[in-house]
Amino acid sequence: MTAEKQQQEPWWKQAVIYQIYPKSFARGRDNARTPMQWDASASAGFTSGRPWLAVNPNCQEINVKNALNDQDSIYYFYKKLIALRHQERILTDGSFELLDTADAVMAYHRENTEDKWLVVCNLTGEEQEVFLPDKVKEVLLANGPVPEDLSAAVLPAYAAFLCRVKK
């Protein structure tokens, strides 16, 4: 490639990796990205111009403005989770025990000398069965109802909870 031609090419076409694997750029990460959805306005409030990447059509329902107005949104869930992590040493210093569950469920214990906590997350859009030996003492954070007896419970889609359990 001549120096003049190289100056006309975009930077990413000049990259060595592009010259070796040009098709890898067609399958890059951009197909999984969308502009931040700030509100329900044109271009989701991301820009007043035309965004390089398409705005997800769900921006009318899923956006920062709506999340801030909904106390049950994922924004506030994570805010509470981060606060718990800073307040409760068991989440950072307690022992960790991964529990045997269905592949679509992540469950583990955090334990210290005073307390035992259970974290359970259904990672799918489908109900999942769990068979855990724990009895819930106190629900600390949840995105929905939490069964008291987990020995044979059905978790709703995307259920996530953190609770204190009997030691």
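Residues numbered from 1 in each chain as written. Predicted model: local features only at pLDDT ≥ 70, side-chain atom pairs only at ≥ 80, totals over all residues. Heavy atoms only, no water.

A. Spotlight on the side chain of His109. Checked against the element boundaries, His109 lands in strand β2 (residues 105-111). Separated by 2.9 Å, the side chains of His109 and Asp134 make a polar contact. Ignoring any residue separated from it by four or fewer positions in sequence, one finds His109 in contact with Ser95, Phe96, Glu97, Leu99, Lys116, Trp117, Leu118 and Asp134. (Helix = DSSP H or I, 4+ residues; strand = E, 2+ residues; numbered from the N terminus. Polar contact = N/O pair within 3.5 Å; in protein donor to acceptor, adjacent residues only side chain to side chain. Contact = heavy atoms within 4.5 Å.)

B. Broad picture of the packing of aromatic side chains. Tallied over the entire structure, the rule returns three aromatic pairs. Taken together, a centroid distance of 6.2 Å and an interplanar angle of 75° make the contact between Phe77 and Tyr78 edge-to-face. Take Phe77: its relative accessible area is 19%, and that puts it in the buried class. (Phe/Tyr/Trp six-rings, centres within 6.5 Å; stacked < 30°, edge-to-face > 60°. Buried < 20%, exposed > 50% of the residue type's maximum accessible area, 1.4 Å probe, protein only.)

C. Looking closely at the sheet that holds β2. The strand order across the open sheet built from five strands is β1-β2-β3-β7-β5, with neighbouring strands paired in antiparallel fashion. Each of the sheet's edge strands pairs with one partner strand only, and the pair in question is β1 (95-98) and β5 (136-142). The average angle at which neighbouring strand axes cross in this sheet is 25°, direction not considered. Two elements, β5 and strand β7 (residues 160-165), share five bridges in a ladder whose sense is antiparallel. (Pairing = 2+ DSSP bridges. Axes fitted to C-alpha atoms, helices over the stretch in contact; angles between N-to-C directions.)

D. Spatial organisation of the pattern of salt bridges. Enumeration over the complete set of coordinates arrives at five salt bridges. Residues Lys167 and Glu111 are paired through a salt bridge, measuring 3.6 Å at the closest nitrogen-oxygen approach. With a gap of 56 residues between them, Lys167 in the segment after β7 and Glu111 in strand β2 connect regions that are remote in the sequence. Note on Lys167: relative accessible area 55%, which makes it exposed. When its relative accessible area of 25% is taken as the criterion, Glu111 is described as partly exposed. Close ionic contact of Lys135 with Asp149 constitutes a salt bridge, the shortest N to O distance being 3.2 Å. Here Asp149 lies in the loop between β5 and β6 (153-155) and Lys135 lies in the loop between β4 (128-130) and β5, a separation of 14 residues in the sequence. Residue Lys135 is classed as partly exposed on the basis of its relative accessible area, which comes to 38%. The partly exposed category is assigned to Asp149, whose relative accessible area is 37%. (Salt bridge = Lys/Arg side-chain N within 4 Å of Asp/Glu carboxyl O.)

E. Structural context of helix α6 (residues 74-87). If you check α6, its first and last C-alpha atoms are 20 Å apart, about what 14 residues at 1.5 Å a residue would give, namely 20 Å. Here the buried face of α6 lies against α5 (64-68), α7 (90-93), β3 (116-122), β5 and β7. (Expected span 1.5 Å × (residues − 1).)

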